[in-house]
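Structural description and commentary
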Number of protein chains: 2
Amino acid sequence: MPEIHAPVLHRFTCELLDAVGTPPEPARIVADSLINANLAGHDSHGVLRLPAYLEGVRDSQVQPGAVATLVSESGATAIVDGAYGWGQPAMWLATHAAIGRAREHGLGAAVVHHCYHIGRVAPYVEAVADVGMIGQAMANAAPAVAPFGGRSRVMGTNPFAWAVPRAEGTPPVCLDVATAGIAEGKLRVARARGFPVPVGNIVDRDGRATTEPGDFYAGGALLAFGGHKGSGLSLLAQFIGRGLAGLDPSMYDGPRGINGPFILVIDIARFTDLETFRARAEAQCDAVTGSFPAEGVDAVLLPGQPELAMRAVREREGIPIPDTTWRELMNLAEKWNVSIAG
Amino acid sequence: MPEIHAPVLHRFTCELLDAVGTPPEPARIVADSLINANLAGHDSHGVLRLPAYLEGVRDSQVQPGAVATLVSESGATAIVDGAYGWGQPAMWLATHAAIGRAREHGLGAAVVHHCYHIGRVAPYVEAVADVGMIGQAMANAAPAVAPFGGRSRVMGTNPFAWAVPRAEGTPPVCLDVATAGIAEGKLRVARARGFPVPVGNIVDRDGRATTEPGDFYAGGALLAFGGHKGSGLSLLAQFIGRGLAGLDPSMYDGPRGINGPFILVIDIARFTDLETFRARAEAQCDAVTGSFPAEGVDAVLLPGQPELAMRAVREREGIPIPDTTWRELMNLAEKWNVSIAG
């Protein structure tokens, strides 16, 4: 399994995106998204996606030259049109619009219409926390997950993410999870590596429990995390994405990498002094990391801490690319006459 | 186990609250909260709470005559001071303030400072959905739940709730759950009935898994639902409650019935036509209830549907009160010279 340094992988990604007609700025933003996901250890949202992204261009699911625009702002709310371009630049436009709305009104929220895949959600809400506000985001996606008690694909894997600022100079606390028990991207990783997935996450096309990732792609369904509670959180993303972002999943029986995202920004300063908030957040963090570990656990971590630790390792040592993914990337490199040499 | 009709139980509750110094209007609001929880089948938040509520008065944790006030409004945000009165009237004030802010700005959010127990959360977010908006609420509470990987009490059982409007005249879809695997109120019910709780929800004071509700009260901890994902959702409520609503749980080692609540209102009409949203919500509901049931399941239900079904039964047949709870209520009746006769 080759280990590739982030800048090399980033340049390679930009060149591939350029080869299929992406202008430099959106190419950089999409590459940031993928490489940052790899650095954080979430390979499911890293360069593993490139083959599907380029197929998306080939199949006209994404228009690599399209430019997202701010359609409207009304009070604390904003609507972005992704114009079926890359999802990441559109979601950044929505994020900045929501921050701007929150500066003015105390809260801000934005949705993206006609949105391709937004990638890993953490960076958007982390950017909100970086300006001293609380970020929360969710998105619906093509049907993949059975509702609690069911076995048909009804909901997307629907990410849910939040970030809260800590002391100045400290990275925010950030949770970014799929409301499916396992993200579909994690299934892709498992399938690419030939691994089974933990029990309780997939049913096959006949509704039987299975641990074989291929059974999902053969017409099965994922299950939501946490029983009816996780299923209910996923359903909120589904109502909001479909109702407010306009992504009707029934229109997307084929392509999976499409999102209807919503981002919310809460301006802390409207509720309390920001320094007071930061101090309370630090006390809360101390309470978590200072708690007694459960049996077999070394240390209790905050959401986002495993990702920060992984980033430090991978920035130093490079990003390991599973052989299956590597072969796919080499095929793309050959097809588009792009070199990964450093 | 006696079965008492809702109006009888409501009058009894009002009279008890009156006996300890609660004016008629807040008494009615608190009684609504408890009786509605019983009707919905969530006895954990019903009249089972009355002994603890009255102990709260005796111990000066709650001031039955205190009146909540709107401290400030700033853009889309509002702050309510609960003045350590009953939590339900304070939370209703916050709910209506957030709705008002959302009408003006497209989003609204409110917190309550100095707040006693707000009761079951569903009615607040349902009231938001009833005016054609999306409601979302969460609250922190006294430490009871270990963070993922830990075994000390750090987070509250922290409720999370949302409601989304359906077609005009149809009750909203509403999820209202504890982010603990089991609500502390549900533990009280299990203890009152002498039942164990399902595996994976409690550790005893030494961090060992247990199903005995008493082990929690002897210094153990609850676990969050859904592993690190549910723990992460709970932690968001903890940061927001502590940071924005000002409830520092470390101050509340004793009393458990205290909340730091946050409610968010999204005005759908700023994003899309409300009728369009309702139609999309109905299509989404159809997709859920029309999905193939899992093995052993009769029908796939939406969040809130079990509660509506239970309400129909209990409005007709009365609310069953477990014998332990009944004895406690009879003791209160005798102590405060209040009769439950219809």
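Our subject is the structure listed above.
Here goes a summary of the coordinates provided. Please read all numbers here as calculations on a predicted model, not as lab measurements.

A word on the overall build of chain A. Across its full length, chain A carries 11 helices and 13 strands. For chain A, the spread of C-alpha atoms along the principal axes amounts to about 55 × 50 × 45 Å. Across the 342 residues in chain A, those meeting the buried criterion constitute 61%. Contacts in chain A between residues far apart in sequence, at least 24 positions, make up 67% of those at least 6 positions apart.

Moving on, we get to the relation of the copies chain B and chain A. Copy one and copy two of the chain differ by a rotation about an axis and a translation along that axis. In the superposition of chain B on chain A (RMSD 0.0 Å, axial shift 0.0 Å), the rotation amounts to 180 degrees. Here the transformation between the copies is reduced to the relation of a two-fold axis. For chain B, the minimum C-alpha distance to the rotation axis belongs to Gly226(B) and amounts to 2.0 Å. Comparing interface residues between copies, 100% of those in chain B also lie at the interface in chain A; the contact surface is shared.

Another point: the environment of Arg103(B). Residue and element names in this part refer to chain B. Take Arg-103: it is sitting in helix H4 (residues 87-105). Here the alpha-carbon distance between Arg-103 and Ala-269, two residues 166 residues apart in the chain, equals 9.4 Å. Here Arg-103 is in contact with Val-131, Met-133 and Arg-270, once residues within four sequence places are set aside.

A word on the packing of aromatic side chains. Here the structure, examined in full by the defined rule, presents 15 aromatic pairs over all chains. With a centroid separation of 5.9 Å and an interplanar angle of 65 degrees, the aromatic rings of Phe239(A) and Trp162(B) are classed as edge-to-face. Within this pair, whereas Phe239(A) is found in helix H8 (residues 227-243), its partner Trp162(B) is found in strand E7 (residues 159-164), the two belonging to separate chains. Take Phe239(A) and Trp162(B): they sit in the same class, and that class is buried. Between Phe216(B) and Tyr217(B) the ring centres are 5.0 Å apart and the planes differ by 80 degrees, which places this aromatic pair in the edge-to-face class. A relative accessible area of 28% places Tyr217(B) in the partly exposed class. Linked through ring pairs, Tyr53(A), Trp86(A) and Tyr116(A) together constitute an aromatic cluster.

Now for the sheet that holds strand E9 (residues 202-203) of chain B. Ordered in space as E6-E11-E9-E10 (chain B), the four strands form an open sheet in which the pairing is mixed. The sheet terminates laterally at strand E6 (145-146) and strand E10 (209-210) of chain B, the two strands that pair on one side only.

The final tally for this structure, using the stated rule, is 36 salt bridges over all chains. Ionic contacts of the salt-bridge type, sharing partners, join the residues Glu25(A), Arg28(A) and Asp32(A) into one network.

Before going further, it helps to spend a moment on helix H6 (residues 184-193) of chain B. Residue and element names in this part refer to chain B. Burial within H6 is extensive, with seven of its 10 residues counted as buried. Along H6, the residues classified as buried are Glu-184, Gly-185, Leu-187, Arg-188, Val-189, Ala-190 and Ala-192. Check the buried side of H6 and you find it contacts helix H3 (50-58), E9, helix H7 (213-217), strand E11 (221-223) and helix H11 (323-336). Looking at the residues trailing H6, positive phi occurs at Gly-194, about 75 degrees.

The rules behind the values
- Residues numbered from 1 in each chain as written.
- Chains lettered and ligands numbered in written order.
- Predicted model: local features only at pLDDT ≥ 70, side-chain atom pairs only at ≥ 80, totals over all residues.
- Heavy atoms only, no water.
- Helix = DSSP H or I, 4+ residues; strand = E, 2+ residues; numbered from the N terminus.
- Buried < 20%, exposed > 50% of the residue type's maximum accessible area, 1.4 Å probe, protein only.
- Contact = heavy atoms within 4.5 Å.
- Least-squares fit on C-alpha atoms with pLDDT ≥ 70 in both.
- Phe/Tyr/Trp six-rings, centres within 6.5 Å; stacked < 30°, edge-to-face > 60°.
- Pairing = 2+ DSSP bridges.
- Salt bridge = Lys/Arg side-chain N within 4 Å of Asp/Glu carboxyl O.

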